Amino acid sequence: MCGIAGLIHRGKSSKVGHELQGMLQALKHRGEDSTGYALYGDTDGKNFIMRFKVGENVGEGSTSVAEDVSVYDERKKIVDNYLSELGAKIIKEERILPYSLRYEIEYDKKDLLNFSQKIESIPGVEILSMGKSLEVIKDLGNAKMVCDRYNLDKLVGTHAIGHARMATESGVDIKSAHPFWGYPFSDVSVVHNGQLTNYWNNRRSLENKGMRFMSECDSELIAVYLAEKMRDGASLEEGMKESLTGLDGVFTYFVATKDSLGMAKDTMAAKPLVLYESDELVAMGSEEIAIRSILPQEIDTYDPFDGEVKVWQI
Amino acid sequence: MANIKNTEKKTKAQAMGMHTEVLTGRTQQKFFNPDEAENFYYFGTYDVDFNKRTDLDVKDMTAAEANKEIDNLMSQGFGTIVIKNPQGKHSLGVGILNKLNLIFEGSLGYFGMGSCDGPIVRINGRVGWSCAENLMAGKVVIEKNAGSCFGAAIRGGDLICKGSVGARTGIDMKGGTIIIGGDAGAFTGFMMQRGRIIILGDVGINLGDSMYDGTIFIGGEIGSYGSDAVDSELTKNDQDWLKRKLKVAEIGENFDVSKMKKIVAGKKLWNYDNLEPTEKKGAI
């Protein structure tokens with residue numbers, strides 16, 4: 001049992017970090033092994049923002065093996081060298097935690113696949129997100145703990161999706177936490193609640209087509225599946241509709257891009273979702289209390305039906 | 001071993017004593033003798049006065065605190081309680097085994113009004129998953145939409161949603177009536193064993209899948225039928241009952257019930273074992 005939440009403001013920006021924190025914290029009883037945010041902030045759209053980790057959080061509850069912190073510095077140096085080799089210029093650098101970094105990068109090439117493969121060839125390094133608006137922040141603990149740790153409260157943007165995780169089929173670590181970046185597509189992220197039963201079949205097939213998996217979390221499959229569909233020319237909505245038959249199991253998932261937010265629900269409607277929709281705001285979550293954290297007044301909400309796919313633009 | 005030779009109208013399983021229930025006509029079965037009503041006593045029930053009314057603001061309460069306070073108010077004889085600011089909290093109003101007029105001014109989360117026996121409830125908002133699960137008697141009216149598993153395993157009473165509901169409405173229901181003013185999702189009436197479901201709008205795939213008994217009436221389009229769900233003739237008696245029920249429920253009073261579809265159990269669930277694996281998967 002995990003909890004997912006998402007919101008999109010149409011025609012304006014808001015403190016989406018704060019809002020999503022409230023929504024996910026309301027769902028913390030659905031799991032607080034880890035919490036993740038995919039925030040689409042207001043930027044000038046010129047530079048890439050790369051969120052990446054050079055190690056794992058090995059704190060209480062983690063299933064990761066502790067490493068000497070000095071290896072983080074070594075990995076960071078290699079990342080910096082590789083960025084230089086790739087022709088990317090670091091404009092701004094933030095080391096939020098010893099293992100978690102945020103770079104603002106000037107990079108004018110469009111090929112993020114080679115870029116990502118080069119950076120992630122460094123053992124222990126994973127790009128959590130790459131985009132001109134998207135920032136994926138995920139770590140162990142509940143929504144408030146992660147929000148406070150990464151100072152997300154003040155982040156202003158148009159939309160966001162997030163995930164409160166109860167680990168069931170893979171480890172308690174950052175690499176298995178949601179959201180997943182839709183590698184190698186800029187600004188695509190996914191969160192999922194459910195279980196996918198044809199994970200290995202799909203994974204083997206996608207790996208043969210050159211797609212990359214960083215974890216053994218079944219939810220990562222959705223991000224890679226959609227990325228592959230889009231690589232082959234499908235729109236986001238087309239890819240999501242295909243996923244209703246291409247993915248087996250029970251699922252409700254959200255996917256976000258630079259300017260849109262979508263949801264899909266499996267054909268058995270086995271996983272919950274409550275939706276609020278108005279001209280100004282769409283908010284959705286595994287339970288109504290998530291929506292109530294930002295809209296305490298009486299509102300009209302509903303459960304999308306089985307096999308439903310919806311996409312909203314900012 | 002039981003004699004299985006003289007079993008013209010019985011199945012072999014019945015003759016062998018594997019089960020004793022006769023499925024036909026179970027919707028008319030009476031569980032209790034009304035003459036013995038005075039012998040029934042529920043722990044934690046109170047004499048309440050419907051004219052004695054109070055408000056309860058649960059904004060800053062947990063569900064447990066709110067439910068305890070409802071119980072406390074009933075113990076003081078309050079027969080009409082208005083709950084303010086429920087704000088989608090889970091498990092509100094559960095386990096009320098009392099005559100009570102209960103009004104929620106707002107929406108409920110999961111498991112609202114679960115395991116109740118007797119209250120008359122109006123919810124001026126939406127409800128989450130598993131509303132009124134195991135309802136035994138009383139009436140619960142939801143003014144807006146409802147989530148999945150609406151009326152799961154209810155035994156009796158009337159459960160009414162004026163909006164639309166999610167998947168698996170009336171799953172495993174064993175009596176009572178569920179009335180939906182809007183649409184319903186997949187697997188409506190899944191494994192229902194008794195009782196009636198009325199949907200005025202459309203319904204999703206696998207309607208009445210694996211139902212043992214009971215009746216489903218559909219006013220709109222049907223996505224698909226589930227295993228062993230079959231059409232049945234809509235009789236004059238059915239239409240009269242539907243009109244009465246919709247009127248009492250204050251929903252679809254002018255709805256043309258003569259065009260509704262009636263779905264019942266084919267009672268050939270043993271054929272399920274003959275399905276191919278892929279078909280079984282679809283049925284599940």
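Everything quoted here is computed from the prediction, not taken from an experiment. (Residues numbered from 1 in each chain as written. Chains lettered and ligands numbered in written order. Predicted model: local features only at pLDDT ≥ 70, side-chain atom pairs only at ≥ 80, totals over all residues.)

**What about the overall build of chain A?**
Alright, step 1. A count of helical and extended segments in chain A gives eight helices and 15 strands.
Alright, step 2. Burial statistics for chain A: of 314 residues in total, 51% are counted as buried.
Alright, step 3. Here the contacts in chain A between residues at least 6 apart in sequence split such that 71% fall between residues at least 24 apart. (Helix = DSSP H or I, 4+ residues; strand = E, 2+ residues; numbered from the N terminus. Buried ≥ 20, exposed ≤ 12 C-beta atoms within 10 Å, placed from the backbone. Contact = placed C-beta atoms within 7 Å.)

**Considerations on the overall build of chain B**
Alright, step 1. Looking only at helices and strands, chain B features four helices and 11 strands.
Alright, step 2. Within chain B, the proportion of its 284 residues that are buried is 44%.
Alright, step 3. Long-range contacts, defined as pairs at least 24 residues apart, comprise 29% of the intrachain contacts of chain B with a sequence gap of at least 6.

**Some words on the sheet that holds strand β9 (residues 180–181) of chain A**
Two pairing modes exist for strands in a sheet, parallel and antiparallel, and in both the strands are linked by backbone hydrogen bonds.
Residues and elements named next belong to chain A.
Alright, step 1. With antiparallel pairing, five strands are arranged side by side in an open sheet as β9-β10-β11-β12-β15. Each edge of the open sheet carries a strand with a single partner, namely β9 and β15 (309–313).
Alright, step 2. Sheet topology note: the strand β12 (residues 260–265)/β15 ladder contains five bridges and is antiparallel. Paired with L261 across the bridge in β15 is W312. (Pairing = 2+ DSSP bridges.)

**Notes on the sheet that holds strand β6 (residues 126–131) of chain A**
All names here are of chain A.
Alright, step 1. The antiparallel open sheet is built from four strands, whose spatial order is β4-β5-β3-β6. A strand with exactly one partner marks an edge of an open sheet, and here the two such strands are β4 (89–97) and β6. Each adjacent strand pair in this sheet contributes to an overall mean axis angle of 20°, direction not counted.
Alright, step 2. As paired strands, strand β3 (residues 48–53) and β6 are joined by five bridges and run antiparallel to one another. Along β6, the bridge assignment pairs M50 with M130. (Axes fitted to C-alpha atoms, helices over the stretch in contact; angles between N-to-C directions.)

**Re the environment of A137 of chain B**
Residues and elements named next belong to chain B.
Alright, step 1. The residue A137 is located in strand β5 (residues 137–142) in this model.
Alright, step 2. Sequence separation of A137 and L97 is 40 residues, and the distance between their C-alpha atoms is 9.0 Å.
Alright, step 3. Setting aside chain neighbours within four positions, we find A137 in contact with D117, G118, G156 and G157.

**Points about the packing of helix α6 (residues 220–231) of chain A against helix α7 (residues 236–246) of chain A**
Residue and element names in this part refer to chain A.
Alright, step 1. Contact pair α6 / α7: the axes reach a minimum separation of 9 Å and the direction vectors enclose 125°. The orientation of α6 with respect to α7, classified from their angle, is oblique. Along this stretch, α6 crosses α7, giving a crossing that reads as right-handed. Judged by residue contacts, I222, Y225, L226, K229 and M230 of α6 engage L236, E238, G239, M240, E242, S243 and G246 from α7.
Alright, step 2. Grouping the amino acids of the contact of α6 with α7 by side-chain chemistry returns six nonpolar, three polar and three charged. (Parallel < 35°, antiparallel > 145°, perpendicular 65-115°, else oblique. Left-handed = near helix turned anticlockwise from the far one by under 90°. Nonpolar A, V, L, I, M, F, W, Y, C, P; charged D, E, K, R; others polar.)

**Remarks on unusual backbone geometry**
Alright, step 1. The step from H178 of chain A to P179 of chain A runs through a cis peptide bond, and the omega angle for that step is -5°.
Alright, step 2. Mapped onto the elements of the fold, P179 of chain A is located in the loop between β8 (157–165) and β9.
Alright, step 3. Non-glycine residue S91 of chain B carries a positive phi angle of around 60°.
Alright, step 4. If you trace the backbone, S91 of chain B turns up in the loop between β2 (78–84) and β3 (101–105).
Alright, step 5. Since 20 C-beta atoms lie within 10 Å of it, S91 of chain B is described here as buried.

**Here's the deal with the environment of I263 of chain B**
Residue and element names in this part refer to chain B.
Alright, step 1. Along the chain, I263 falls in strand β11 (residues 261–265).
Alright, step 2. For I263, a count of 25 C-beta atoms within 10 Å corresponds to the buried category.
Alright, step 3. For I263 and Y225, which are 38 residues apart along the polypeptide, the C-alpha to C-alpha distance reads 9.1 Å.
Alright, step 4. Among all residues touching I263, those that are not within four sequence positions of it are L207, G208, I216, I218, A229, V230, D231 and S232.

**Remarks on the packing of helix α2 (residues 70–86) of chain A against helix α3 (residues 112–120) of chain A**
Residues and elements named next belong to chain A.
Alright, step 1. The N-to-C vectors of α2 and α3 enclose an angle of 155°; their axes lie 9 Å apart at closest approach. The angle between α2 and α3 falls in the class roughly antiparallel. Seen from above, α2 lies across α3 with right-handed handedness. Taking contact as the criterion, the partners of V79, Y82 and L86 in α2 are, on α3, F115, K118 and I119.

**So, the pairing of strand β10 (residues 189–196) of chain A**
All names here are of chain A.
Alright, step 1. Most of β10 is tucked away, with seven of its eight residues classed as buried.
Alright, step 2. Of the strand pairs in this sheet, β9 and β10 are connected by two bridges, and their pairing is antiparallel. Bridge assignment links W181 to a residue of β10, and that residue is S189.
Alright, step 3. The pairing of β10 with strand β11 (residues 249–256) spans eight bridges and is antiparallel. Within β11, the position partnered with G194 by the bridge is F251.

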